Amino acid sequence: MGIDVTRTPRSATVREAAPAVPTAPSARRRRPGGARWAAWAFLAPVVVYLIAFYAYPLYRNVELSLREYTVRSFVQGGAPFAGLDNYRAVLAAPTFPQALLNTLVFTVTSLVCQFAVGLLLALFFHRHFPLSRTLRALFLVPWLLPLIVSASTWSWLLNSEASVVNAGLALVGADPVNWLTSPRWSLVSVIIANIWIGIPFNLVVLYSGLQAIPRQLHEAAELDGAGGWQRFRWITWPLLRPVSAITLLLGLVYTLKVFDLIWIMTRGGPTDSSTTLATWSYRLGFGNLLPEFGSGAAVGNLLILLAVAAGGCYIGFEHRRRLS
Amino acid sequence: MSRPTRGWWRTGLGVMLTGLMLFPVYWMINVSFTRDQDVRRSPPHLFPLDGTLDGYRAVLGQQLPYVGTSLVVGLGTVLLTLILAAPAGYALAKLRPPGGGAIRFVLLIAQMIPGIIMAMGFYAIYLNLGVLNTVPGLILADSTIAVPFAVLIFTAFMSGIPDDLIQAALVDGANRLRTFWSVVLPVSRNAIVTVSLFAFLWAWSDFVFASTLAGGGAHRPITLGIYQYIGNNNQQWNAIMATAVVASIPTTLLLVLAQRYVAAGVTAGAVKD
Amino acid sequence: MTRSIPRGRTVGAALLAAALAATAVACSAESPSTEAGGTYTVWDPYPQFTEDSDWVGLLKDCGTSAGVTVERTGYDTTDLTNKALLAAQQGNSPDVLIIDNPVISTLAEAGVLTTTAETNLDVSTMEPNLLGAGQSEGKTYGVPIGANTLALYYNKDLLADAGVDVATVTDWPSLTAALVKVKAAGKKGITFSAIGTEEGSFQFLPWFWGAGAELTALDAPPAVAALTLWTDWLAAGHAPNSVINNTQTTSWQEFASGEYAFSENGTWQLANAAKLDFEYGIIPIPARAGGTAPAPTGGEFISIPVQPDTGRYATSQQLVTCLTSGDNLLTTDTTLSYIAPVAAVQEQQVAANAALKVWVDAVKAAKGRTGDDLGTRYPRISEPLWTAVQSALSGAQTPQEALSAAQRTAASATS
């Protein structure tokens with residue numbers, strides 16, 4: 001199948017090598033000024049758009065986090081400037097280390113498992129067999145469900161009292177597990193649900209990445225007597241790397257900000273055991289009768305910093321890979 | 001000769017895996033037929049034994065206008081996303097303006113900002129512009145989920161277009177806009193389909209923006225239609241799940257269509273140099 | 001790349017200036033319509049009511065009799081607080097706002113609401129314990145539109161099978177004894193909602209107050225006794241572990257499955273109760289040493305937010321009065337499955353449906369969460385409280401540890 005997400009990033013990273021560095025000499029030495037103006041003309045709509053719809057909300061959020069807001073000053077104005085007080089308070093809160101750790105565990109585990117399962121499935125479906133098309137299409141269905149529904153369904157499946165999963169465990173003689181209500185399992189439960197939601201995306205992208213690898217390479221290697229594992233190790237894996245990188249990056253982007261899934265399934269609880277920075281920010285700003293806008297915004301900004309760091313790591317990593 | 005047998009063995013495994021993967025979806029369908037008083041029965045019924053069609057009756061009676069709104073919002077988001085992102089992708093990939101790298105980094109980060117932070121800012125802007133609870137307002141907001149992603153995809157894709165193709169058009173006297181329109185866009189069809197599909201899916205399943213910005217309007221998307229059954233003190237689960245089932249139908253159709261469209265692979269060959 | 005940044009920055013700055021200017025123009029161009037008649041906006045937390053519902057019909061009729069058009073928007077209740085605050089910040093509040101009662105003190109603190117004295121709203125007929133939630137420092141910020149509260153629903157068939165006479169359930173020991181008998185009969189005891197949100201505090205309060213505890217001393221012995229009652233039930237299997245994550249709806253669904261003897265739930269479930277497969281009854285929640293425990297009041301207030309144009313209050317006042325006057329109040333509260341806040345209307349409700357008697361009594365015994373002059377301190381106490389409940393029920397801490405921690409948090413947040 002080719003929702004060719006795939007050819008895209010692939011051609012991106014493969015062909016882009018030289019052009020990605022803007023200062024590199026290019027073929028268009030002719031009329032550089034004209035090209036520059038044309039470039040900005042083409043870019044202008046997006047830049048205006050970014051400023052209006054990203055910069056402004058972001059500016060507001062930073063502003064919120066730097067002032068000492070009460071509900072009264074939120075409405076009436078005149079909140080005193082508090083510098084980094086909100087950040088200090090948030091960093092000192094007992095929830096912070098837990099939320100940070102949970103965010104990292106949630107993100108990394110989800111990413112790795114989604115990717116691994118997605119890749120295994122892509123390899124599995126890459127070999128055509130009867131019904132493979134249909135089955136692969138069916139795998140995409142979870143992607144189409146509104147998140148609020150999939151999250152509710154999972155909290156249903158994992159409910160402590162009357163859940164199917166526990167009924168299944170009882171069938172094989174195991175004790176029921178308090179998936180959502182014990183501090184030990186709640187984070188595991190939301191991770192499982194998140195992996196499930198992420199599998200279709202990983203499958204689609206990685207599958208199309210596999211499709212783009214020329215078949216002749218495999219055939220040649222097979223003639224040379226390379227086994228399945230060797231072909232994967234020396235052909236598939238290296239050639240899939242650009243696609244893998246983009247998959248992981250997009251996965252990271254969407255995993256880091258997951259909040260509705262966790263909020264619907266556990267509300268971050270019990271006692272912060274599944275609280276991530278995203279749910280914590282929401283809880284501070286929205287999840288209480290008395291909103292704490294300043295702290296909520298501060299946590300949100302910390303999350304964005306984390307995202308910037310992750311994005312920077314990715315770019316640095318890509319850069320080094322290209323150089324080598 | 002041995003291939004088919006091996007293939008069928010794979011089919012068996014494939015069916016099992018698909019079954020495992022789709023079990024939650026099955027459960028959703030199961031619940032959509034379950035009577036209110038049975039939903040928490042322990043152990044749960046694997047099949048809706050005393051099934052009811054109440055959920056679907058409620059949906060067909062009340063939800064169809066929401067499906068319409070969601071379609072309009074989805075298509076509008078696709079259109080807006082393409083209009084904004086395709087030229088930008090072209091500029092970043094082929095015209096390489098100074099500062100392009102910075103813009104790309106900003107786009108990357110922009111994607112990671114949680115929707116809820118954006119939503120609060122939007123609410124204030126929208127309230128003043130008077131576009132709360134309107135379809136265009138929602139389209140604009142939903143497009144923010146897709147635009148950064150779309151620009152990155154277009155950039156990646158278009159940098160794969162051979163420079164010669166563009167140079168040839170320029171030499172023939174076409175200006176850059178014309179080149180973009182009649183050379184670059186047609187060969188980027190795969191990227192367009194990809195971006196459209198994602199933009200549509202995200203707009204379709206968006207809940208955060210819908211509830212913040214269109215919560216009370218006459219034009220509500222289907223995700224809020226679902227929320228209608230999650231009342232203040234009560235939740236009608238069979239209706240919620242029935243709505244979800246109905247809401248998945250258009251997206252499933254779309255996925256099947258887009259799959260075929262791309263599978264035709266008209267342009268895939270053209271792009272490969 | 002380095003050389004190009006300054007250019008990008010100037011362009012960016014110019015665009016930013018342009019965008020901000022555009023926003024500013026948009027802001028100043030916008031102003032609420034002030035013509036005679038005109039449109040009045042109403043926000044309510046009842047998204048389940050569509051345009052053709054009785055509730056919206058009533059709103060429109062009230063608008064017509066006041067000579068204006070009513071534009072009504074139904075928001076999800078959890079969103080409404082933030083929306084009201086943001087709207088007020090932007091100087092764009094609705095003319096009439098219907099909102100959950102514990103939020104009133106927050107909005108009043110924020111200066112979003114007018115007092116009933118300013119807008120000439122008559123609240124003299126309202127029951128004082130219900131009105132309390134809308135009062136702060138001697139001022140009243142709205143009119144209760146209806147009330148609900150908590151009681152214990154029980155499964156008659158199941159209790160009969162287990163040999164429990166519900167009349168003997170009058171205090172905590174007798175309730176626990178009943179649960180023991182139910183368990184011996186192979187059924188499940190009681191279900192409630194202890195989720196980590198306001199809902200969890202709402203459900204815990206009858207036991208908390210019923211033990212004689214006060215919200216200002218979360219770690220006092222009576223409070224520990226109440227939480228210990230719940231943790232012991234979980235440990236003994238009288239209550240399911242799922243309560244930690246149950247919303248009130250989920251716990252109702254558990255009760256509806258017919259497996260549970262008791263369910264702590266609210267007035268609003270009456271319509272669903274009629275659909276149960278078994279006979280049910282309702283008793284008040286017993287206090288620790290007998291008698292009825294005070295349950296928290298639920299339900300909304302209808303209030304008039306501050307407007308830049310004070311000339312609008314007169315019409316808003318007409319709208320509110322219309323909605324809360326005798327017959328209309330009866331219609332509203334019947335639609336919402338609420339108990340009326342006015343004694344005379346309560347009598348009409350009981351006359352129409354005798355089953356409401358127990359609820360009318362429960363509402364009379366109930367108290368507001370933000371009462372006792374807690375006001376906006378309540379939310380700061382409630383969050384540590386529900387956290388402590390979660391912590392103790394999930395076994396992370398003992399009730400005493402959990403509540404001591406909660407008291408420390410609450411004390412530092414409210415000082």
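- Chain C is annotated in an unreviewed UniProt entry as ABC transporter substrate-binding protein from Micromonospora andamanensis.
- If you open the UniProt record of chain C and go to Sequence similarities (unreviewed entry), you find "Belongs to the bacterial solute-binding protein 1 family."

- Naming follows an unreviewed UniProt entry, where chain B appears as Sugar ABC transporter permease of Micromonospora andamanensis.
- One UniProt comment on chain B, placed under Subcellular location (unreviewed entry), says "Cell membrane".
- Under the heading Sequence similarities (unreviewed entry), UniProt records this for chain B: "Belongs to the binding-protein-dependent transport system permease family."

**So, the overall build of chain B**
Phase 1 of the analysis: Scanning chain B for helices and strands turns up 13 helices and zero strands.
Phase 2 of the analysis: The N-to-C order of helical and strand elements in chain B reads α-α-α-α-α-α-α-α-α-α-α-α-α.
Phase 3 of the analysis: Taken across its 273 residues, chain B has 63% of its residues classed as buried.
Phase 4 of the analysis: Sequence separation of at least 24 residues holds for 74% of the intrachain contacts in chain B that already meet a minimum separation of 6.
Phase 5 of the analysis: Approximately 10200 Å² of chain B is accessible, and the part contributed by carbon and sulfur atoms is 69%.

**Some words on the overall build of chain C**
Phase 1 of the analysis: On a plain count of helices and strands, chain C comes out with 17 helices and eleven strands.
Phase 2 of the analysis: In chain C, the proportion of contacts linking residues at least 24 apart, taken out of those at least 6 apart, comes to 74%.
Phase 3 of the analysis: When the accessible surface of chain C is split by element, carbon and sulfur atoms take 54% of a total near 14900 Å².

**A look at the pairing of strand β2 (residues 69-74) of chain C**
Put simply, side chains in a regular strand alternate between the two faces of the sheet.
All names here are of chain C.
Phase 1 of the analysis: Alignment of strand β1 (residues 39-44) against β2, held across six bridges, turns out to be parallel. Each residue of the ladder has a partner; that of T39, found in β2, is T69.
Phase 2 of the analysis: The parallel pair β1 and β2, bridged by helix α2 (residues 54-66), forms a crossover whose chirality is right-handed.

**Thoughts on the packing of α2 of chain C against helix α12 (residues 313-324) of chain C**
Residues and elements named next belong to chain C.
Phase 1 of the analysis: Contact pair α2 / α12: the axes reach a minimum separation of 9 Å and the direction vectors enclose 135°. Taken together, the axes of α2 and α12 are oblique relative to one another. The handedness of the crossing between α2 and α12 comes out as right-handed. Residue-level inspection shows W55, L58, L59, C62, G63, S65 and A66 of α2 in contact with α12, the latter providing T315, Q318, L319, C322 and L323.
Phase 2 of the analysis: For the contact of α2 with α12, the class distribution of residues is eight nonpolar, four polar and no charged.

**Re the interface of chain A and chain B**
Phase 1 of the analysis: Across the contact, 95 residues belong to chain A and 101 residues belong to chain B.
Phase 2 of the analysis: Each partner contributes to the roughly 9100 Å² buried at the junction of chain A and chain B, and carbon and sulfur atoms together form 76% of this total.
Phase 3 of the analysis: Counting across the chain A and chain B interface gives zero salt bridges.
Phase 4 of the analysis: Here the side of chain A that touches chain B is composed, by residue class, of 69 nonpolar, twelve polar and 14 charged.

**Quick notes on the pattern of salt bridges**
Phase 1 of the analysis: Here the structure, examined in full by the defined rule, presents eleven salt bridges over all chains.
Phase 2 of the analysis: E222 of chain A is the salt-bridge partner of R231 of chain A, the closest N and O atoms lying 4.0 Å from each other.
Phase 3 of the analysis: The partner of E383 of chain C in a salt bridge is R283 of chain A, and the shortest N-O contact between them spans 3.6 Å. Highlighted residues: E383 of chain C in helix α16 (residues 377-393) and R283 of chain A in helix α14 (residues 277-285), drawn from two different chains.
Phase 4 of the analysis: Overlapping salt bridges bring together D272 and R283 of chain A together with E383 of chain C as one network.

**Observations regarding the packing of helix α3 (residues 64-95) of chain B against helix α8 (residues 176-187) of chain B**
All names here are of chain B.
Phase 1 of the analysis: Between α3 and α8, whose axes approach to 12 Å, the crossing angle comes to 100°. Considering their axes alone, α3 and α8 lie roughly perpendicular with respect to each other. Along the contact surface, α3 presents A86, P87, Y90 and L95, while α8 presents R176, T179, F180, V184 and L185.
Phase 2 of the analysis: Here the residues of the contact of α3 with α8 are counted per class, giving seven nonpolar, one polar and one charged.

**Some remarks on the state of the cysteines**
All names here are of chain C.
Phase 1 of the analysis: Tallied over the full model, the rule gives one disulfide over all chains.
Phase 2 of the analysis: Between the sulfur of C62 and that of C322 lies a disulfide, 1.9 Å long from S to S. Taking the sign of the torsion about the S-S bond as the criterion, the disulfide between C62 and C322, at about -75°, is left-handed. Taken together, the residues span a long stretch of sequence, with C62 in helix α2 and C322 in helix α12 at a distance of 260 residues. Across the pair, C322 and C62 agree in class, each one buried.

**Overview of the pairing of strand β9 (residues 260-266) of chain C**
Residue and element names in this part refer to chain C.
Phase 1 of the analysis: Among the seven residues of β9, seven are classified as buried, and the element is accordingly described as predominantly covered.
Phase 2 of the analysis: Inspection of the sheet shows strand β7 (residues 150-155) paired to β9 by five bridges, in the antiparallel sense. When the bridges of β9 are listed, L152 appears paired with E264.
Phase 3 of the analysis: Where strand β8 (residues 188-191) meets β9, three bridges bridge the pair, whose relative direction is parallel.

**Brief notes about α16 of chain C**
Residue and element names in this part refer to chain C.
Phase 1 of the analysis: Spanning 17 residues, α16 covers 25 Å between terminal C-alpha atoms, matching the ideal 24 Å at 1.5 Å per step.
Phase 2 of the analysis: Counting buried positions over the 17 residues of α16 gives 14, a clear majority of the element.
Phase 3 of the analysis: Directly after α16, the chain includes G395, whose backbone phi takes a positive value near 85°.

**So, the nonpolar core**
Phase 1 of the analysis: Grouped together as the largest cluster of nonpolar side chains are 303 residues, with contacts concentrated most on W55, W207, F208, L215, W233 and F262 of chain C.
Phase 2 of the analysis: Examining the composition of this core, we find that 15 residues originate from one element, helix α10 (residues 186-211) of chain A, more than from any other.
Phase 3 of the analysis: Residue-level mapping places this core at the junction of two domains, with at least three residues from each of domain 1 (39-144 + 298-365) and domain 2 (150-296 + 373-414) of chain C.
Phase 4 of the analysis: Once residues lying within four places of it in the same chain are set aside, the contact partners of W207 of chain C are L152, W172, L175, A226, L229, W230, W233, E264, I285 and P286 of chain C.
Phase 5 of the analysis: Of all hydrophobic cores here, the second largest spans 20 residues; its members include A151, A273, W359 and A362 of chain C.

**Observations concerning the packing of aromatic side chains**
Phase 1 of the analysis: One pass over the full model with this rule turns up 47 aromatic pairs over all chains.
Phase 2 of the analysis: Aromatic side chains F42 of chain A and Y90 of chain B sit 5.0 Å apart centroid to centroid with 85° between the ring planes, which places their arrangement in the edge-to-face category. Taken together, the residues span two chains, with F42 of chain A in helix α2 (residues 32-66) and Y90 of chain B in helix α3. As far as the burial class goes, F42 of chain A and Y90 of chain B line up, both buried.
Phase 3 of the analysis: An aromatic cluster is present here, built from W172, F192, F204, W207, F208, W230 and W233 of chain C joined pairwise through their rings.

**Regarding the sheet that holds β2 of chain C**
Think of a sheet as strands paired side by side through backbone hydrogen bonds, with each pair either parallel or antiparallel.
Residues and elements named next belong to chain C.
Phase 1 of the analysis: Taken together, the five strands give an open sheet; going across it, the order is β2-β1-β3-β11-β6, and neighbouring strands pair in mixed fashion. Looking along the sheet, the strands with just one partner apiece sit at the ends: β2 and β6 (143-144).
Phase 2 of the analysis: Taken strand by strand, helix α3 (residues 77-89) contacts β1 and β3 (96-100), and its axis lies near 135° from that of β3.

**Some points on empty space enclosed by the protein**
Phase 1 of the analysis: Evaluated as defined, the whole model comprises 13 cavities of 30 Å³ or more.
Phase 2 of the analysis: Taken as a whole, the second largest cavity holds about 940 Å³ of empty space.
Phase 3 of the analysis: The wall of the second largest cavity is formed by 38 residues, among which L147, Y254 and K257 of chain A together with I145 and W202 of chain B lie closest to the centre.
Phase 4 of the analysis: If you tally residues by element for the lining of the second largest cavity, the top one is α10 of chain A, at five residues.

**Regarding the UniProt feature "transmembrane region" (unreviewed entry) in chain B**
Residues and elements named next belong to chain B.
Phase 1 of the analysis: Per the UniProt annotation, the sites labelled "transmembrane region" (unreviewed entry) are residues 7-29, 71-93, 105-126, 138-158, 179-204 and 237-258.
Phase 2 of the analysis: The straight-line gap between the two end C-alpha atoms of residues 71-93 is 32 Å; of that span, 100% is helix and 0% is strand.
Phase 3 of the analysis: Secondary structure across residues 179-204 divides into 96% helix and 0% strand, with the first and last C-alpha atoms of the span separated by 33 Å.

The rules behind these values
Residues numbered from 1 in each chain as written. Chains lettered and ligands numbered in written order. Predicted model: local features only at pLDDT ≥ 70, side-chain atom pairs only at ≥ 80, totals over all residues. Heavy atoms only, no water. UniProt positions renumbered as here; feature names shortened; annotations may be inferred. Helix = DSSP H or I, 4+ residues; strand = E, 2+ residues; numbered from the N terminus. Buried < 20%, exposed > 50% of the residue type's maximum accessible area, 1.4 Å probe, protein only. Contact = heavy atoms within 4.5 Å. Areas by Shrake-Rupley, 256 points an atom, 1.4 Å probe, with all protein chains shown as cover. Pairing = 2+ DSSP bridges. Right-handed = clockwise from strand over helix to strand, strands pointing away. Axes fitted to C-alpha atoms, helices over the stretch in contact; angles between N-to-C directions. Parallel < 35°, antiparallel > 145°, perpendicular 65-115°, else oblique. Left-handed = near helix turned anticlockwise from the far one by under 90°. Nonpolar A, V, L, I, M, F, W, Y, C, P; charged D, E, K, R; others polar. Buried area = accessible area lost by both parts, 1.4 Å probe. Salt bridge = Lys/Arg side-chain N within 4 Å of Asp/Glu carboxyl O. Disulfide = S-S within 2.5 Å. Expected span 1.5 Å × (residues − 1). Core = buried A, V, L, I, M, F, W, Y, C linked by side-chain atoms within 4.5 Å. Domains from an automatic or database assignment. Phe/Tyr/Trp six-rings, centres within 6.5 Å; stacked < 30°, edge-to-face > 60°. 1 Å grid on protein atoms, 1.4 Å probe; cavity = no way out; pocket = protein on both sides within 12 Å on 5 of 7 lines; lining within 4 Å. Points joined across faces, edges and corners; volume = space filled by probe spheres on them.

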